[in-house]
Amino acid sequence: MPDASRSVPRQLDVVIVGAGLAGLYAIHRLRGLGLKVRAYEAGSGVGGTWFWNRYPGARCDVESLEYSYSFSEELQQEWKWPERYGTQPEILKYINHVADRFDLRRDVQLNTRIKSAVFDSAANEWVVKTDTGEEIHARYCVMAAGNLSTPRVPDFKGIHDFKGKWYHSGLWPHEGVDFTGLRVGVVGTGSSGVQMIPIIAQQARQLTVFQRTANFSLPARNGPMEEERERRHKAEYPARRAAAMETPFAIGGHPKPTRSALEISEEERNAAYESKWQEGGSISYLYSYTDLLVNKASNDTASEFVRNKIRGMVKDPKTAELLAPKDHPIGTKRLCLDTHYYETYNRPNVRLVDVRSDPIQEITATGLRLASGAEHELDAIVFATGFDAMTGALKEIDVRTTDGAALRKHWEGGPLTYLGLMVSGFPNMFVITGPGSPGVKTQMIASIEQHVDWIADAIDHLGRHQLDRIEPSPQAESDWVQHVNQVADSTLYPLANSWYVGANIPGKPRVFMPYVGGFDRYKRRCDEVAAKGYEGFTLSRHETVGA
Ligand code: N01
């Protein structure tokens, strides 16, 4: 018998791809406009990043009181964060609480992956198909599929011959993994590796870390939430959130720097770095001076301070030198936050292997072989090797239009968007925190709320003016991409081989993807565009063929 749910397409106003922090807020906000919405989520639960990344030590690197939704004063007052930085289980608990509190689950469909999305130009609607054979028709499509949601294990020869177990940080087993007594290898020393290495080291008989690029990491100085700090923060929540909107990272509480790092004496500068180091956190360190991310000589002072800290913490001088990053300025790759990362290399059961000078050649049945022929016997391998960032999730969906456009083709030379929110040639499709957006360089939930609010306002505007189609002009898109690149080129960011430029994915076009002009500047631009009647966009009323 034919399955009715498959043969009768579901009709919606807005189809949302993903039920992470962005998808959930989109449901709430768009439902508030009286629209019929539904989010489709590949996972068996809501939460996106925080649903999938369950590796040991997974924790947010933005403080809990900041890294949370601001749209409900009651929610932000009532929720109690137990620690300065939220752990993955705690954040997932919070997201589930939000889903229940705002009755969002009734518009979420779990265990469903979107395979294709085709804009039917004549009918003026998106036709979206799932891996379960369902078809959904919707006027608008909101891509809330995440920007670090396509895990990537390098294409190592022999991986399927490995007799032990292997894992990726972003696809961690729900039941957890017990490494007790095992010889474990961790490949990758980005934020995920840096967080898991100290914890795995406590369990494993032996831990071997395979490092290609040393990363800068600062101490998180995590601890239980101080009552007085929480009370003060909550008393000033609305003002603090508003102040955060006026900062480049959408994070409040850090005084705006006023001087160059080169304007003051070395002694004074190092004292300032030391105080930030003791305070913990990455934003305050990078915000020490006006020019740390734009002037190499200034940055050198901040980089060298951290390198010296590493040299002081790691007892073996050779290991310390390997761990001290020298190939990129601090902050130009995502700055890590850790708890006892560098000290972990002083443990007798931990060793560091440099796979820059001697790359991983293949995985064998019993471990891993390097180009030199050196073999490492392992019982388990953990790949903390990152994601096909920013574009991976969207490229996995076959996004097309009946007018012949295909997103994969449009983005062949690198992603093109206007304001990071829309793509020319793909009407009525919105992207949340994708390429061209400052999202990944900010307190992500603030960017999510700003994007979703802007999108909701745009859809509302269309409805109030009897319009039903919006798309950016190719010129506005190309101007924005040029602006994003110009801004990036005026900073030190392009000096690093990072996922910001797709460097971790062999063959990916090297294009700087996030907008690094600052959240404050970006938000002003988005507001201005809307105030000018959606400048750079074409708004129209579609006449249904045959109507
Ligand atoms: O991934 P990454 P991640 N052989 O891409 C190495 C967010 N996040 O999962 O630098 C050997 O940063 C690669 O080496 P290299 C955050 O935005 C946040 O750690 O390419 N090594 C690198 O060391 C973060 O930036 C939080 O030379 C190989 C590592 O794998 C983003 O997610 C926590 C290799 C990948 O690092 C991604 O972080 C976790 C190979 N063939 C993540 N291929 C917090 O909030 C890759 N590598 C705290």
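Quick notes on the rules
Residues numbered from 1 in each chain as written. Predicted model: local features only at pLDDT ≥ 70, side-chain atom pairs only at ≥ 80, totals over all residues. Heavy atoms only, no water. Helix = DSSP H or I, 4+ residues; strand = E, 2+ residues; numbered from the N terminus. Buried < 20%, exposed > 50% of the residue type's maximum accessible area, 1.4 Å probe, protein only. Contact = heavy atoms within 4.5 Å. Axes fitted to C-alpha atoms, helices over the stretch in contact; angles between N-to-C directions. Parallel < 35°, antiparallel > 145°, perpendicular 65-115°, else oblique. Left-handed = near helix turned anticlockwise from the far one by under 90°. Nonpolar A, V, L, I, M, F, W, Y, C, P; charged D, E, K, R; others polar. Near = heavy atom within 4 Å. Polar contact = N/O pair within 3.5 Å; in protein donor to acceptor, adjacent residues only side chain to side chain. Areas by Shrake-Rupley, 256 points an atom, 1.4 Å probe, with all protein chains shown as cover. Arc of directions from axis to C-beta. Expected span 1.5 Å × (residues − 1). Salt bridge = Lys/Arg side-chain N within 4 Å of Asp/Glu carboxyl O. Lys, Arg positive; Asp, Glu negative; His and termini not counted.

Next up on the list: the side chain of Thr247. Within the element layout of this structure, Thr247 appears in the loop between α8 (237-244) and α9 (266-279). Owing to a relative accessible area of 11%, Thr247 belongs among the buried residues under this scheme. Beyond its immediate sequence surroundings of up to four residues, Thr247 is in contact with Tyr287, Phe519 and Asp520.

Moving on: the packing of α9 against helix α11 (residues 296-313). Direction vectors running N to C along α9 and α11 enclose 60°, while the axes themselves pass 11 Å from each other. By the angle class used here, α9 and α11 are oblique. Where α9 crosses over α11, the two elements pack in a sense that is right-handed. Touching Arg269, Asn270, Tyr273, Glu274 and Trp277 of α9 are Ser298, Thr301, Ala302, Phe305, Val306, Lys309 and Met313, all from α11. Taken together, the residues of the contact of α9 with α11 break down into six nonpolar, three polar and three charged.

Another aspect to go through is the site of the ligand. Taken together, 26 residues are adjacent to the ligand, and Thr189, Ser192, Arg212, Thr213 and Trp499 come closest. Within the side chain of Arg212, an N or O atom sits 2.8 Å from an oxygen atom of the ligand. Lys333 places a polar side-chain atom, nitrogen or oxygen, 3.0 Å from an oxygen atom of the ligand. Contact with the protein chains covers 89% of the free accessible surface of the ligand, which is 920 Å². Counting residues per element, the shell around the ligand draws most heavily on helix α6 (residues 191-203), which supplies three residues. Grouping the constituent residues of the shell around the ligand by class yields 10 nonpolar, nine polar and seven charged.

Moving on, we come to helix α7 (residues 227-235). All of the buried residues in α7 are Glu230, His233 and Lys234. Mapping the buried residues of α7 onto a view down its axis gives an arc of 95°, with all of them on the same face. Where α7 is buried, its residues meet α4 (73-78) and α8.

The subject of this paragraph is helix α16 (residues 444-464). When the terminal C-alpha atoms of α16 are compared, their 30 Å separation across 21 residues agrees well with the 30 Å that a helix rising 1.5 Å per residue should span. Within α16, 16 of the 21 residues are buried, leaving the element largely enclosed by the surrounding structure. With a side-chain oxygen lying 2.8 Å from the backbone nitrogen of Ile445, the N-terminal cap of α16 falls on Gln443.

All right, on to the pattern of salt bridges then. On inspection of all chains with the given rule, the structure shows 38 salt bridges. Here Asp527 makes a salt bridge to Lys523, at a shortest N to O gap of 2.9 Å. With Asp527 and Lys523 both in helix α18 (residues 519-531), this residue pair falls four residues apart, about one helical turn. For Asp527, a relative accessible area of 37% gives the class partly exposed. With a relative accessible area of 24%, Lys523 lands in the partly exposed category. Salt bridges here are not isolated pairs; linked through shared partners, they connect Glu304, Arg307, Arg311, Glu321 and Lys326.

This part covers the side chain of Arg241. Note that Arg241 resides in helix α8. With no salt bridge to any partner, buried Arg241 finds its closest opposite charge in Glu66, at an N-O distance of 5.0 Å.

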